[in-house]
Amino acid sequence: MPIIGLLERYGLKQRAAELIGKVKAATSGKILSIYMVIRTIAAALSLRIGGHVEFIRPLIYPMAEGADKNKFEELPEEAVEDIKGMSASVENYANFYGQNVFIAAGGVLLIVGTLGELGIEVTEKQVSNASIPIAVIAIILVIIQLRLHDKKISNMINKNK
Amino acid sequence: MALEILYILAGLVAMVAAVLSFKDRSLKTRYGTALFWAILSITFVFGKILSPTIVGILVLIMGILTATKQVKIGTFKQTSEEFKLEKSKLIGNKLFIPVLSIAVFAFGIGQFTSLGGLVGMGVGAVIGTIAGLFITKASAGETLEEGNRLIQQVGPFAILPQLLAALGALFNAAGVGEVIANGISNVIPTGNIVFGVIAYCVGMAVFTMIMGNAFAAFAVITAGIGLPFVFNQGANPAIAGALALTAGYCGTLLTPMAANFNIVPAAVLEMKDKYKVIKTQAPLAITLLVIHIILMLVWAF
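First, a word on scope: everything that follows refers to the structure included in this document. Computed from a prediction, not measured in an experiment: that's the story for all the values here.

**Focus on the overall build of chain A**
Inference 1: From N to C terminus, chain A includes eight helices and zero strands.
Inference 2: Of the regular secondary structure in chain A, the N- to C-terminal order runs α-α-α-α-α-α-α-α.
Inference 3: For chain A, the accessible surface area stands at approximately 6,400 Å², while carbon and sulfur atoms represent 58% of it.

**Brief notes about the interface of chain A and chain B**
Inference 1: Counting residues at the interface gives 70 residues for chain A and 91 residues for chain B.
Inference 2: Between chain A and chain B the total buried area reaches about 7,000 Å² when both faces are included, carbon and sulfur atoms providing 74% of it.
Inference 3: Along the contact surface separating chain A from chain B lie three salt bridges.
Inference 4: In this structure, Lys 276 of chain B and Asp 82 of chain A form a salt bridge, with 2.7 Å as the shortest nitrogen-oxygen distance.
Inference 5: Inspection of the chain A/chain B interface yields 13 residue pairs in polar contact (both at pLDDT 80 or more).
Inference 6: At the level of secondary structure, the elements contributing two or more residues to the side of chain A that touches chain B comprise helix 1 (2-9), helix 2 (12-21), helix 4 (52-72), helix 5 (77-99), helix 6 (106-117), helix 7 (124-130) and helix 8 (132-160) of chain A.
Inference 7: The leading source of residues in the side of chain A that touches chain B is helix 5 of chain A, at 14 residues.

**A look at helix 15 (residues 276-299) of chain B**
Inference 1: Between its first and last C-alpha atoms helix 15 of chain B spans 34 Å; for 24 residues at 1.5 Å apiece the expected length is 34 Å, and the two agree.
Inference 2: Its maximal kink placed at Ala 282 of chain B, helix 15 of chain B deviates by approximately 40°, while the proline Pro 283 of chain B follows within four residues.

**Some thoughts on the packing of helix 10 (residues 193-211) of chain B against helix 11 (residues 214-229) of chain B**
Residue and element names in this part refer to chain B.
Inference 1: Between helix 10 and helix 11, whose axes approach to 9 Å, the crossing angle comes to 155°. Our classification of the angle between helix 10 and helix 11 gives roughly antiparallel. Helix 10 and helix 11 meet at a crossing whose hand is right-handed. Side by side, helix 10 and helix 11 meet where Gly 196, Ala 199, Tyr 200, Gly 203, Met 204, Phe 207, Thr 208 and Met 211 of the first sit next to Ala 214, Ala 216, Ala 217, Phe 218, Val 220, Ile 221, Thr 222, Ile 225, Gly 226 and Phe 229 of the second.
Inference 2: Among the residues forming the contact of helix 10 with helix 11, the class breakdown is 13 nonpolar, five polar and no charged.

**Remarks on a nonpolar patch on the surface**
Residue and element names in this part refer to chain B.
Inference 1: Taken together, Ile 5, Ile 8, Leu 9, Leu 12, Val 126, Ile 130 and Phe 134 make up a surface patch of nonpolar side chains, about 640 Å² in accessible area.
Inference 2: Going through the elements one at a time, helix 1 (2-23) and helix 6 (117-136) are the ones with two or more residues in the nonpolar patch.
Inference 3: If you tally residues by element for the nonpolar patch, the top one is helix 1, at four residues.
Inference 4: As for its placement among the helices and strands, Ile 5 is situated in helix 1.

**Comments concerning the packing of aromatic side chains**
Inference 1: Across all of its chains, the model carries seven aromatic pairs over all chains by this definition.
Inference 2: Each ring, one from Phe 22 of chain B and one from Tyr 31 of chain B, has its centre 5.7 Å from the other, and the planes form 65°; the classification is edge-to-face.
Inference 3: Ring-pair connections join several aromatic residues into one group, and the members of that group are Phe 96 and Tyr 97 of chain A together with Tyr 249 and Phe 261 of chain B.

**A word on the pattern of salt bridges**
Inference 1: Counted under the stated rule, the structure contains seven salt bridges over all chains.
Inference 2: Its salt-bridge partner being Asp 82 of chain A, residue Lys 152 of chain A comes within 2.8 Å of it at the nearest N-O pair. You can see Lys 152 of chain A sitting in helix 8 and its partner Asp 82 of chain A sitting in helix 5, a full 70 residues away along the chain.
Inference 3: Here the residues in one salt-bridge network are Asp 82 and Lys 152 of chain A together with Lys 276 of chain B, joined through shared partners.

**Thoughts on the packing of helix 10 of chain B against helix 12 (residues 237-252) of chain B**
Axis angle and axis distance: for two packed helices, these are the angle between their axes and the distance between the axes, and together they describe the pair.
Residues and elements named next belong to chain B.
Inference 1: Interhelical geometry of helix 10 versus helix 12 gives an angle of 40° and a closest axis separation of 7 Å. Considered as vectors, helix 10 and helix 12 are oriented oblique to each other. For the pair helix 10 and helix 12, the crossing hand works out as right-handed. Contacts from Tyr 200, Cys 201, Met 204, Ala 205, Thr 208 and Met 209 in helix 10 reach Ala 240, Ala 244, Leu 245, Ala 247, Gly 248, Gly 251 and Thr 252 in helix 12.
Inference 2: Split into classes, the residues belonging to the contact of helix 10 with helix 12 amount to nine nonpolar, four polar and no charged.

Conventions used here
- Residues numbered from 1 in each chain as written.
- Chains lettered and ligands numbered in written order.
- Predicted model: local features only at pLDDT ≥ 70, side-chain atom pairs only at ≥ 80, totals over all residues.
- Heavy atoms only, no water.
- Helix = DSSP H or I, 4+ residues; strand = E, 2+ residues; numbered from the N terminus.
- Areas by Shrake-Rupley, 256 points an atom, 1.4 Å probe, with all protein chains shown as cover.
- Contact = heavy atoms within 4.5 Å.
- Buried area = accessible area lost by both parts, 1.4 Å probe.
- Salt bridge = Lys/Arg side-chain N within 4 Å of Asp/Glu carboxyl O.
- Polar contact = N/O pair within 3.5 Å; in protein donor to acceptor, adjacent residues only side chain to side chain.
- Expected span 1.5 Å × (residues − 1).
- Bend = angle between axes of the 7 residues up to and from the residue.
- Axes fitted to C-alpha atoms, helices over the stretch in contact; angles between N-to-C directions.
- Parallel < 35°, antiparallel > 145°, perpendicular 65-115°, else oblique.
- Left-handed = near helix turned anticlockwise from the far one by under 90°.
- Nonpolar A, V, L, I, M, F, W, Y, C, P; charged D, E, K, R; others polar.
- Patch = residues over 30% accessible without salt bridge, like charges linked within 9 Å, V, L, I, M, F, W, Y side chains within 5 Å.
- Phe/Tyr/Trp six-rings, centres within 6.5 Å; stacked < 30°, edge-to-face > 60°.

Structural data, given as structure tokens:
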């Protein structure tokens, strides 16, 4: 813990924000897809890069909305609400399904501990390895959901024209 | 042995939190808070020597301190945003090296030696700290302060998994698991793997929705449904266990009880509909739950 705290003091989160900010993507769905991948990897390494208050509100959501505003000029209220919903959800998806890949994650320790108390021996390594497929599947499903989201927004704009 | 040394190191970090919160005069509950961290430190450092009864009493005292709101987060010297930004520019991507070294060591030692991932994690953390000190040119005192800040912020949640694991065992000993299992076996035949897996995954999701916390649900449902209907039927325990917990997370995505994840963000992003996050997540959560069931059936058996 001391080392992560120290790195935060020396700008770890700011550095990550700058790296993400360099990404130029055309739509909200694409920006959120990139965030999904980065955030899942961060969760798997137990890096605290993320959070609705720290990352989504000040950085990711404005980027996602900005991308669509650039593309379509005017965004109907419903589209803005959709972008907000997706921005908040992506943070949860990546956090939930990525974290157990980390070998000392709370969830991994819970599984090993609970099963141990019930007389079933498993190791942290086995559990964290067994958590990898669902993390990958989650990324793929979320990217599909974000593609549909992009389509929905562009349909919404076309109908209004 | 190696693991024991790391527990002692972890105990020392908790002791730093105890000393610093004791000295923190602006903290009203500094005695209670310091006691909490001191007890945690003692259980880490002397856990091997102390009798289980004494550790049990110590944990109970920690519980009482928390329940009576004696454990609060102290004040810390926070660096300014400008300082962080400036340092982050100056140091650049080298800042990621210590973090990656933790991951590399945890993975390397976990995969290729017999020491286990937790030891690798600890070795990586020690090496990462040394690398971090070189790269940031920070003082050792700063490192301790930051360790204190983070452990206090993460706070009592840091020890939740261990306690909940014990809860599962307790439920089992008290026969709660048996009651659930008997109720379930009226509906589904024991020995039918397909129904067992469905009951385990769906049970995790539904119970998580009710409790708002997948960890607590895991302890109860694993004792009640997982053990008799899945693990005793020959499932690979690591795979079935890992999938059961993330099946619970599908429930977390669907419930307003998990306010931190679903309701607060709607407010933070000023959404018109406070259930917008849950509505957005619902199709994905349900799809993923079905995938969990299929994956557990195919992969764990």
